[in-house]
Amino acid sequence: MVNWNMWLRWSWRDLRARWLQVTAIAMIIALGTGVFAGLGGQEKWRVDSLDESYERLNMYDLRLKFNDDTYVDQAEFEALGLEELPGVEALETRLVTQTQVDASENGDDILVQGLLIGVDVAAGNPVNTLYVPDGNGRLLADTDIGPEKNIAVLEWKFADHHGLEPGATLELSGGHVVDLVGAVHSPEYFQIIPEEGFFIDDSEYAVVFVPLATAQRLTQHPGDVNNVAFLLEDGADAAAVQAEVESRVSESFPARGFEIDLRDDDPVAEILYSDAENDQVTWNTVAFLFLIGASLGAFNLAGRIVEAQRRQIGIGMALGVPRRWIAFRPLLVGFQIAVLGTIFGLGVGVGLSLLFSSLFETLLPLPYWDLSFYVPGFIRATLLGVLLPFLATLIPVWRAVRVPPIDAIQSGHLVAKGGGLSWVTQYVPIPGKSFSQMPVKNLLRSPWRTVLTMFGIAMAIALLTMFVGFLDTFVATIEQAEDAYLHEGADRLIINLNSFYPSAPGMVPAVDAEVQPGGDKQAVDSDLLVMPDPVGDLVALAQGDNPLLAAAPETALFLGGRLIAGDTDLEVALELHDMATAIWRPDLVDGSLTLESGEPGIIISEKAAEDLGLSVGDTVQLEHPQQSDEAGFTNVVTEVTVSGIHNNPLRALTYMDSATTDFVAERLQIQGVTNYLVVQPADGVSGDDVKRVLFEQHGVAAVQEIADISEAVDEALKIFTQVLRIIQAVVVFMAFLIAFNSTSISVDERVREIATMFAFGLRIRTVTRMQMVENLITGTLGTLIGMGMGWIMLNAMLVARIEEQLADFKFEVTVAPLTLLVSLLLGVLTVGLTPLFSIRRMRKMDIPSTLRVME
Amino acid sequence: MIKLENISKRYEMGEITVSALDGISLEVGKGEFVVVLGPSGSGKTTLLNIIGALDVPTEGQVHINGGNLSLTKKANRFKFRRETVSFIFQTFNLFPSLTALENVQFVLDMANEPNSRDKAMAVLADVGLGDRVEHFPHELSGGEQQRVAIARALATGNPVLLADEPTGELDFKTGIQILELLKRQAETGKTVLVVTHNREISRIADRVVELSSGKIVSDGPPRTGKAEIAELQW
Ligand SMILES: Nc1ncnc2c1ncn2[C@@H]1O[C@H](COP(=O)(O)OP(=O)(O)O)[C@@H](O)[C@H]1O
Ligand SMILES: [Mg+2]
């Protein structure tokens, strides 16, 4: 009959005698199980919430986008009767245009780019339905449609960031003022990913929704649409519908280029889903490493407890006590530590899950969040948290009960034994006096503990290196992009025009389309016939006594396209500049800006070259728009030669020399026009001043200071850095716990030796110094191993991520030297200084008793 | 050399007070070889620890070497142990991860002695271990380990040697050799105190201080008659 009471009391005494070490290990276990339990469900939370949110807001299944500057007549399009196609439940025609948004209030300059989206309020906004969170005003209504009414709702994240409430007004491109009645979530903009550009913060991009008719009026595209969203019936074959829509549309609008995306290709959804999945992998890795660290600690402690009980174990065996009984007591201790740690861990988990769920709700506002308690995560964490450390105690216990009783009983069997790898020192000379050799010898004496401690520390440092490496890689990539953007003409502003305009001023009389008498539709529709003259206006701004601009604008072209090499193809953003006179030219790592032959040459990014297997001199198929006879564009393919490779990590950026006139005239067939301008402020004029003035110009869709890009990035990095600080602190704490645990075990084990040293008059500080040297060795080795492991993990995780979601960037996995130094210092110092925590214990040591008691 | 005045040591254990030493006064001169004899629990170790400044008395004064060092200060006790006394323990207490040589070298390095290795070699040769210097404690027999411990104590060059049951873990023959070794140290001018519960051993000393229940019950030549080490038997 097992006397549970006695056993429990006995093991409880064991625990109490080592309460510091027990607590240290329990806390490490708590960190591991806590992360597991608290964050184990985050993928499910996010995926479920995204699914539900997309479902509720009727996220499109298919989306047809006409090329930039290509519009179709709404009535003509609706006449196709596509909503009658089998499988189509609903469709909504929309007008989506770039705009500049001035949300300045009370002297606060808020001047950003964005989108103006005309939604079919009259049809009830059946697809990509907008949603107003409680207390954020109202949706658009039929009554908001009218020739005099400029009623809008604003995307929630931007509105929230700038505190724009119903009643506020926004000024859009062309000087139109709209009144806000609400802030909304839209399934297409759960996260902001701009159509072009490198990186943008939620607070720097405004999506403005107005009734379709209002959008058509404000953008001078009466009756036009350029974007159609389809909602399919459950179980409909999306690809089949896509093919059918494609054939019908290209038949009816042969000269209009367009593309049809499936919901699965939606970049925002893709990122949100894969982020959820990848974050889970990261958190699981973190939790797992914590648990391994905890297990190593438990192993060390159990080993020590068993060693201290070795004699009792031997006596037990001599008395004929069955082995399983003997093993029971130390195992019970291991089990109790594990349970204790897991209980702490569930507390940590609940705290973490609360913290993260509130973080999710602010960082990723969705109309619907399911943050229910994730039971499987907690169960998994509990099982792992109990099992791993318990298994770790099993090994030393098993080893101990296998020793012949006689060895175990023998007085001083372990105490007097050098053991371990001490013999190594006989063959490998260690420099220095016996003092300085002692730490090395002590480490060799218990090689297992040394190795386990080292790996425990390595786990912590690996985590640190990995996370900091993420940040460093990110920062390095951004800095490289900044260098690429800013290596010349750093004060320039880039201007997207809302259409093509003559690149020489004054070619066409500047007629304001808006006040065109009669509003002849044909005349307004045909951009090249009647239109403002933004280039001419900007040329004027560079003249006079107080010019705003340093010089006349550089006229360029900005087009979407696709590079095709063999089976692979990728979307690119193609800029055409006159390389001889451009304010900014790409910085090349290989090749040249133009081909000597004068044939069309193209400059692509390193990543594109890599992905397509191209190098300078190779030819590649470029799919690009070509102006067709009817004021629209179709896509055609031209073979071009790679003339150079630039250093911007953004894969999509592609450049051509617009002086390659043959290409512009014959292939694009848009000679003498521009849709993209580059300007520099005159001396003493700020970028904001230029922005404000340009914003008023007709034809200007977006103005961006090139230097703003880095500011947006810095802003976003701040959050990341803060999260990192927390992780850093936790990890350093864990390294400390591991080192503390191991040091305190060492002090325990060598208490007699230490007392002997004291008997010979060695000072506490000398003993402490020796322990510190010992720890510094373990700490340094552990840290170095950890940094290596961290590097490997960083690469593995980044590679996995890059393949899935960061394909658009060229990442050079980087760990900054400073990072390494900080990791090294944190690891080594934390571990090295841990013996200071044993000073008190040594000070309080009762030397006579310690020396007196043999076992 | 050593002067104890009315030393008492009491342990408070809840209600009960254990009196380990009770009014001990004792003087030991330079070069004396003294055996402290008494049954288990009579206070021998406590007395030795107080002389060696490992422990502090509850009452009374300890004067060592003229006594200008106040041993109530912890730092002074460390200094005293470093410079005046050397311990030899029943269970040797060698540093297990250091070889015999290194164990001895350790205390020389502690005192910043130059050529610590050569000196340690010499001391080990003195105690008859010249051929085992590279061995670890667990590779040595008990007697050999105790010799290393004595070598370690001698290497400090401190004038007072304190040996607590130095033969307790050893067989008779080995014990005899250890005692001879210790006695020789007194002949070279060191003050040596050896603690034992074995009356037979005490016969080798000129002076035996006998303890019982924390009190000195006799102080003088061995009661059962002085004997040469070779004549002992137990
Ligand atoms: N730390 C202690 N706490 C309580 N009693 C102690 C302590 N150290 C020694 N004693 C008691 O003091 C007495 C003398 O002990 P000790 O000097 O070790 O005896 P000896 O060495 O003669 O065997 C014993 O009764 C012992 O129980
Ligand atoms: Mg004793």
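Residues numbered from 1 in each chain as written. Chains lettered and ligands numbered in written order. Predicted model: local features only at pLDDT ≥ 70, side-chain atom pairs only at ≥ 80, totals over all residues. Heavy atoms only, no water.

### With respect to the overall build of chain B
No. 1: When its secondary structure is counted, chain B shows 7 helices and 9 strands.
No. 2: Considered along the principal axes of its C-alpha atoms, chain B spans approximately 50 × 45 × 35 Å.
No. 3: When the 234 residues of chain B are sorted by exposure, 57% land in the buried category.
No. 4: Residue pairs in contact within chain B that sit at least 24 positions apart in sequence constitute 70% of those at least 6 positions apart.
No. 5: On chain B, roughly 9700 Å² of surface is accessible, and the fraction owed to carbon and sulfur atoms is 46%.
No. 6: Taking the average place of the 26 positive charges on the side chains of chain B and the average place of its 30 negative ones, the gap between the two points comes to 4 Å. (Helix = DSSP H or I, 4+ residues; strand = E, 2+ residues; numbered from the N terminus. Buried < 20%, exposed > 50% of the residue type's maximum accessible area, 1.4 Å probe, protein only. Contact = heavy atoms within 4.5 Å. Areas by Shrake-Rupley, 256 points an atom, 1.4 Å probe, with all protein chains shown as cover. Lys, Arg positive; Asp, Glu negative; His and termini not counted. Charge placed at Lys NZ, Arg CZ, Asp CG, Glu CD.)

### Digging into a nonpolar patch on the surface
No. 1: A surface patch of nonpolar side chains, amounting to about 740 Å² of accessible area, comprises Leu818(A), Leu821(A), Val822(A), Leu825(A), Leu829(A), Leu833(A), Leu836(A) and Phe837(A).
No. 2: Locating Phe837(A) in the fold gives a position in the loop between α24 (817-833) and α25 (839-843). (Patch = residues over 30% accessible without salt bridge, like charges linked within 9 Å, V, L, I, M, F, W, Y side chains within 5 Å. Salt bridge = Lys/Arg side-chain N within 4 Å of Asp/Glu carboxyl O.)

### Brief notes about unusual backbone geometry
In terms of backbone geometry, most residues other than glycine have negative phi values and most peptide bonds are trans.
Residues and elements named next belong to chain A.
No. 1: Positive phi is not limited to glycine here, since asparagine 58 has a value of about 55°.
No. 2: Within the secondary structure layout, asparagine 58 lies in the loop between α3 (42-56) and β1 (62-66).
No. 3: Asparagine 58 sits in the partly exposed class, given a relative accessible area of 25%.

### Remarks on the site of ligand 1
No. 1: Taken together, 13 residues form the shell around ligand 1, and within it Gly41(B), Gly43(B), Lys44(B), Thr45(B) and Thr46(B) come nearest.
No. 2: Ligand 1 sits at a junction of chains, with neighbouring residues supplied by chains A and B.
No. 3: Contacts to ligand 1 include Gly43(B), whose backbone N or O atom sits 3.0 Å from an oxygen atom.
No. 4: Against a free-state accessible area of 550 Å², the protein chains account for coverage of 76% of ligand 1.
No. 5: At 3 residues, the largest contribution of residues to the shell around ligand 1 is made by helix α1 (residues 44-51) of chain B.
No. 6: Within the shell around ligand 1, the residues separate by chemical class into 4 nonpolar, 7 polar and 2 charged. (Near = heavy atom within 4 Å. Polar contact = N/O pair within 3.5 Å; in protein donor to acceptor, adjacent residues only side chain to side chain. Nonpolar A, V, L, I, M, F, W, Y, C, P; charged D, E, K, R; others polar.)

### A closer look at the sheet that holds strand β1 (residues 2-13) of chain B
Residue and element names in this part refer to chain B.
No. 1: Taken in spatial order, the 3 strands line up as β2-β1-β4 in an open sheet, and their pairing is antiparallel. Whereas interior strands pair on both sides, the edge strands pair on one side only; in this sheet they are β2 (16-28) and β4 (59-64). Sheet twist, expressed as the mean angle between neighbouring strand axes with direction ignored, is 20°.
No. 2: Note: β1 against β4, 5 bridges, orientation antiparallel. Across the sheet, residue lysine 3 finds its bridge partner in β4, namely histidine 63.
No. 3: The strands that α1 touches are β1, β2 and β4; relative to β1, the one it contacts most, it runs at about 120°. (Pairing = 2+ DSSP bridges. Axes fitted to C-alpha atoms, helices over the stretch in contact; angles between N-to-C directions.)

### Concerning a negative patch on the surface
No. 1: Negative charge collects at one region of the surface, where Asp51(A), Glu55(A), Glu89(A), Glu233(A) and Asp234(A) lie side by side.
No. 2: As for its position among the elements, Glu233(A) is in the loop between β10 (227-232) and α7 (238-252).

### Here we look at α24(A)
No. 1: An ideal rise of 1.5 Å per residue puts 24 Å on 17 residues; α24(A) measures up with 23 Å between its terminal C-alpha atoms.
No. 2: Turning to α24(A), its buried residues number three or more, namely Thr819(A), Ser823(A), Gly827(A), Val828(A), Thr830(A), Val831(A) and Gly832(A). (Expected span 1.5 Å × (residues − 1).)

### Brief notes about helix α15 (residues 447-486) of chain A
No. 1: The terminal C-alpha atoms of α15(A) lie 54 Å apart, and with 40 residues this matches the ideal 58 Å at 1.5 Å per residue to within 8%.
No. 2: For α15(A), the buried fraction is high: 28 of the 40 residues fall into the buried class.

### Here we look at the pairing of strand β6 (residues 169-172) of chain A
All names here are of chain A.
No. 1: As judged from the 2 bridges shared by strand β3 (residues 88-102) and β6, these two strands associate in the antiparallel manner. Bridged to aspartate 102 within β6 is glutamate 171.
No. 2: The sheet contact formed by β6 and strand β7 (residues 177-184) spans 3 bridges and is antiparallel. Following the sheet pairing, threonine 169 is matched in β7 by aspartate 179.
No. 3: As consecutive antiparallel partners, β6 and β7 are separated by 4 residues, and within that stretch glycine 174 has a phi angle of approximately 85°, a positive value.

### Details of the packing of aromatic side chains
No. 1: For the coordinates displayed, the defined rule picks out 17 aromatic pairs over all chains.
No. 2: Seen in terms of ring centroids, Phe558(A) and Tyr676(A) are 5.3 Å apart; in terms of plane orientation they differ by 35°. Their pairing is tilted. Here Phe558(A), found in strand β13 (residues 554-565), pairs with Tyr676(A), found in strand β20 (residues 673-679); they are 118 residues apart in sequence, far enough to count as distant.
No. 3: On the basis of relative accessible area, Tyr676(A) is assigned to the buried category, the value being 5%.
No. 4: With 5.6 Å between their ring centres and 80° between their planes, Phe758(A) and Phe78(B) make a pair best called edge-to-face. One end of the pair, Phe758(A), is in helix α22 (residues 751-759); the other, Phe78(B), is in helix α2 (residues 74-83), on a second chain.
No. 5: Lying across the ring of Phe78(B), Arg81(B) places its NZ or CZ 4.6 Å from the centre.
No. 6: One residue, Arg152(B), lies across the ring of Phe95(B), its end atom 5.2 Å from the ring centre. (Phe/Tyr/Trp six-rings, centres within 6.5 Å; stacked < 30°, edge-to-face > 60°. Lys NZ or Arg CZ within 6 Å of the ring centre and 35° of its normal.)

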